[in-house]
Amino acid sequence: MKELKKSSVIRLNVGGNKFCTSVDTLTQREPNSMLAAMFSGRHNIACEEDCEKGCVFIDRDGTHFRHILNWLRDATVPLLEERCKYSELLREAEYFQLVGLTEEIHAFLNKEDDDQIAKLDADFTRRDIINFILSNATMKFRGFNLSGLDLSKLDLTKIDFSYACLRNVCFSGCDLTRVKFNYVDAEGAIFNNASLTSTEFVGANLRDASFVDAKLRFAKIKSACLVNCSFLRAILYNAHLYDADLTNANFEAASLECAALKNLKATNTANFRDAYLISSGVEDVNLQHLVGAKLGVVTACGNGFICKKPDEIR
């Protein structure tokens, strides 16, 4: 077999995804990998004549192959949005026998686990929070770590929790009127039966949070992560729900009367069964994704539609 030149351009088709790189990239950083073997002249799959004809096909999912190439180019582990994506990338790294990348991913995941354990060491206790309330002090917990605290049934009105770490905090039954949760990390937090009137959740991470039977009247939920959130029977009257990720979110039997819904992501995976959307305005959302919701009479308006009561139609 004819040995390829280091400068030779290689075109790859990985599971239908097309990539263009060089022999040098594929062989230098991880010389004992499968890719190095394929394109260094030690493997029968690739030769200069084959590469000139078109793409070399590799029967793998090409979703993460760009990260494989970037590792081979720069020795950097990518920042992925979801932890499960690292498991997928690890599987590809192991398949291609990229020992260096495999070790770096394991090191990154182990460090992340240590960070999560550290986050559970809250800056305050429940008693500290109660003492702040009793002292009538101006309460701002911006950027503080309160992870894991049980703050249930407290009056926390008008407190600013922006940028705080609130993972797994229990706010059940709390009065959270006009509270600011902007850019918080509240993954796994519990807001069941809480009063959240005029509360702000701008840019908040609310993955796996629970709002069962919560009252979110006039709440502002913008650019938030609502993945796996439950709003079962929640009241979102006149709430603003913009630019949020609703992957697997549950709005079953929730009331969104007079709410404004705009540019919501992954609504096809959300559950809106028996959700009340009459008198709401919906924009840039696929109507078919709201199957099972109570919409009333749908009237087109701009880039969306308005859900009206039958007696409002003239």
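Please refer to the structure placed before this passage.
What counts and what doesn't
- Residues numbered from 1 in each chain as written.
- Predicted model: local features only at pLDDT ≥ 70, side-chain atom pairs only at ≥ 80, totals over all residues.
- Heavy atoms only, no water.
- Helix = DSSP H or I, 4+ residues; strand = E, 2+ residues; numbered from the N terminus.
- Areas by Shrake-Rupley, 256 points an atom, 1.4 Å probe, with all protein chains shown as cover.
- Salt bridge = Lys/Arg side-chain N within 4 Å of Asp/Glu carboxyl O.
- Buried < 20%, exposed > 50% of the residue type's maximum accessible area, 1.4 Å probe, protein only.
- Polar contact = N/O pair within 3.5 Å; in protein donor to acceptor, adjacent residues only side chain to side chain.
- Contact = heavy atoms within 4.5 Å.
- Core = buried A, V, L, I, M, F, W, Y, C linked by side-chain atoms within 4.5 Å.
- Pairing = 2+ DSSP bridges.
- Axes fitted to C-alpha atoms, helices over the stretch in contact; angles between N-to-C directions.
- Disulfide = S-S within 2.5 Å.
- Phe/Tyr/Trp six-rings, centres within 6.5 Å; stacked < 30°, edge-to-face > 60°.
- Lys NZ or Arg CZ within 6 Å of the ring centre and 35° of its normal.

Asker: Sorry if this is basic, but what is going on with the overall build of the chain here?
Answerer: Of regular secondary structure, the chain possesses seven helices and 10 strands. Of the roughly 15800 Å² that the chain leaves accessible, carbon and sulfur atoms contribute 47%.

Asker: Before we go on, may I ask you to explain the pattern of salt bridges in this structure?
Answerer: Where charged atoms from two side chains of opposite charge come close, those side chains can pair. Under the criterion given, the structure shown has six salt bridges. Between Asp160 and Arg142 there is a salt bridge; the shortest N-O distance is 3.1 Å. Separated by 18 residues along the polypeptide, Asp160 in the loop between α7 (126-134) and β4 (200-202) and Arg142 in the loop between α7 and β4 bring together distant segments of the chain. Relative accessible area serves as the criterion here: at 44%, Arg142 is assigned to the partly exposed category. Across the salt bridge formed by Arg167 and Glu187, the nearest N and O atoms sit 3.2 Å from each other. Note that Arg167 is positioned in the loop between α7 and β4 and Glu187 in the loop between α7 and β4, a separation of 20 residues in sequence. One connected set of salt bridges, linked through shared partners, spans Arg167, Asp185 and Glu187.

Asker: What am I meant to see in the side chain of Asn182 here?
Answerer: Counting through the fold element by element, Asn182 comes out in the loop between α7 and β4. Judged by its relative accessible area of 10%, Asn182 is buried. In this structure the side chain of Asn182 is engaged in a polar contact, spanning 3.0 Å, whose partner is the backbone nitrogen of Val202. Once residues within four sequence positions are removed from consideration, Asn182 is found in contact with Ser162, Tyr163, Glu200, Phe201 and Val202.

Asker: For this particular structure, what's the right way to read the nonpolar core?
Answerer: Nonpolar side chains in soluble globular proteins tend to be buried together. Counting residues in hydrophobic clusters, the biggest one holds 60 residues, and the most contacted among them are Phe161, Phe171, Phe181, Phe191, Phe211 and Leu216. Aside from chain neighbours lying at most four places away, what touches Phe211 is Phe191, Asn192, Leu196, Phe201, Leu206, Leu216, Cys229, Ser230, Phe231, Leu232 and Ala234. Counting 26 residues, the second largest nonpolar core, distinct from the first, contains Met38, Trp71, Leu80 and Ala93.

Asker: Would you explain the sheet that holds strand β1 (residues 9-14) in this entry?
Answerer: Two strands in a sheet stick together by hydrogen bonds in their backbones, pointing the same way (parallel) or opposite ways (antiparallel). On the basis of which strands lie adjacent, the open sheet formed by three strands has the order β2-β1-β3 and mixed pairing. Every other strand in the sheet has two partners, leaving β2 (17-22) and β3 (56-58) as the edge strands with one partner each. For this sheet the average axis-to-axis angle between neighbouring strands, irrespective of direction, equals 30°. Examined bridge by bridge, β1 and β3 share three bridges and lie parallel to one another. What sits directly across from Val14, in β3, is Ile58. Each of β1 and β2 is contacted by helix α4 (residues 65-74), which is oriented at about 10° to β2, the strand it contacts most.

Asker: In this structure, what is going on with the pairing of β2? I would like to understand it.
Answerer: Two faces make up the sheet, and in a regular strand the side chains alternate between them. Taken together, the six bridges between β1 and β2 define a ladder with antiparallel strand orientation. If you follow Val9 over to β2, its bridge partner there is Ser22. The hairpin formed by β1 and β2 contains two residues between the paired strands, and Gly15 there has a positive phi angle of roughly 60°.

Asker: Help me understand the state of the cysteines in this model?
Answerer: In protein chemistry, a disulfide is the covalent bond that joins the sulfur atoms of two cysteines. By the definition in use, this model includes zero disulfides. With no disulfide partner, Cys229 has as its closest neighbouring cysteine sulfur the one in Cys225, 7.2 Å distant. A residue is classified by how much of its surface remains accessible, and Cys229, at 1% relative accessible area, is buried.

Asker: Any chance you could explain the packing of aromatic side chains here in plain terms?
Answerer: The relative placement of two aromatic rings is captured by the distance of their centres and the angle of their planes. Counting across every chain of the model gives 23 aromatic pairs. Where Phe124 meets Phe132, the ring centres are 5.7 Å apart and the plane angle is 80°; that geometry is what we call edge-to-face. Pairing Tyr163 with Tyr183 gives two aromatic rings, centres 5.3 Å apart and planes at 15°, and the pair type is stacked. Placement of Tyr163 in the loop between α7 and β4 and of Tyr183 in the loop between α7 and β4 is noted, with a sequence separation of 20 residues between them. The partly exposed category is assigned to Tyr163, whose relative accessible area is 48%. Judged by its relative accessible area of 43%, Tyr183 falls in the partly exposed class. Here Arg60 stacks its cationic end above the ring of Tyr95, 3.9 Å away from the centre of that ring.

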